Amino acid sequence: MSWTDERVELLKKLWSDGLSASQIAAELGGITRNAVIGKVHRLGLSGRAKSPSTTAPRPRKARTSGHMIRVQRPQVRGNTALAYDYEAEPEPELLEIPVEQRKTLLQLSERTCHWPVGDPSGPDFFFCGGESAEDQPYCSFHCRVAYQPANDRRRAKPAFRS
């Protein structure tokens, strides 16, 4: 389909009459809504006729006597998809790891606990190094911390901010 002078004039008229791009595409026939939008932009047509209903302000409803209670909405700004109301989780009982049990990364084996302790960028960082539970990377204490039943995790999930 090509844009003939007649079709362009009809497009301009329909656009100024306030028809939507879909309606114009249907009126012209053999053309898509996106083609109409593209031609409108290339022609620089921006002004549209306002329908009488949009130019007149809507009449407001009269307020009833003070029986209505206004509910305050929370004022949360920005992306709230991950906005949890975080509460600090209590630390599990700290297990004092003897110095002779502590291991560096190079000292770990399949039979030692791989639980990291401290800040990896700090000089005091080490791994637990205790005897690991059967077929597990951690000792029995750290297995209880690391592997919690799914139901307990669901129950302990923090609530969203509202």
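Residues numbered from 1 in each chain as written. Predicted model: local features only at pLDDT ≥ 70, side-chain atom pairs only at ≥ 80, totals over all residues. Heavy atoms only, no water.

**Some details on helix H1 (residues 5-16)**
Side chains that are three or four residues apart share a direction in an α-helix, a result of its 3.6 residues per turn. For H1, which comprises 12 residues, the first-to-last C-alpha distance of 17 Å matches the rise-based estimate of 16 Å (1.5 Å per residue) to within 8%. For H1, every residue scored as buried is listed here: Arg 7, Val 8, Leu 11, Leu 14 and Trp 15. Seen from one end, H1 has its buried residues packed into an arc of 130°, which puts them on one side. Facing away from the buried side of H1 by more than 90 degrees, the exposed set consists of Asp 5 and Glu 6. Those residues of H1 that are buried are in contact with helix H2 (21-28) and helix H3 (33-43). Count one or two residues on from H1 and you reach Gly 18, which has phi positive near 95°. (Helix = DSSP H or I, 4+ residues; strand = E, 2+ residues; numbered from the N terminus. Expected span 1.5 Å × (residues − 1). Buried < 20%, exposed > 50% of the residue type's maximum accessible area, 1.4 Å probe, protein only. Arc of directions from axis to C-beta. Contact = heavy atoms within 4.5 Å.)

**Details of the packing of aromatic side chains**
Scanning the entire structure with this criterion turns up 3 aromatic pairs. Judged by centre distance (5.2 Å) and plane angle (75°), the ring pair of Phe 125 and Phe 127 falls under edge-to-face. On the accessibility criterion, Phe 127 (12% relative accessible area) is buried. Residues Tyr 138 and Tyr 147 carry aromatic rings whose centres are separated by 6.1 Å and whose planes lie at 40° to one another, so their mutual orientation is tilted. (Phe/Tyr/Trp six-rings, centres within 6.5 Å; stacked < 30°, edge-to-face > 60°.)

**Looking at the nonpolar core**
Residues Leu 11, Leu 14, Trp 15, Ala 21, Ile 24, Ala 25, Leu 28, Ile 31, Val 36 and Val 40 constitute the largest nonpolar core, which totals 10 residues. Contributions of two or more residues to this core are made by H1, H2 and H3. Sort the elements by how many residues they give to this core and H2 lands first, with 4 residues. Look past the residues within four positions of Leu 11 in its chain and what remains in contact with it is Trp 3, Ile 24, Val 36, Lys 39, Val 40 and Leu 43. In this structure, Ile 97, Phe 126, Cys 128 and Tyr 138 belong to the second largest nonpolar core, which totals 8 residues. (Core = buried A, V, L, I, M, F, W, Y, C linked by side-chain atoms within 4.5 Å.)

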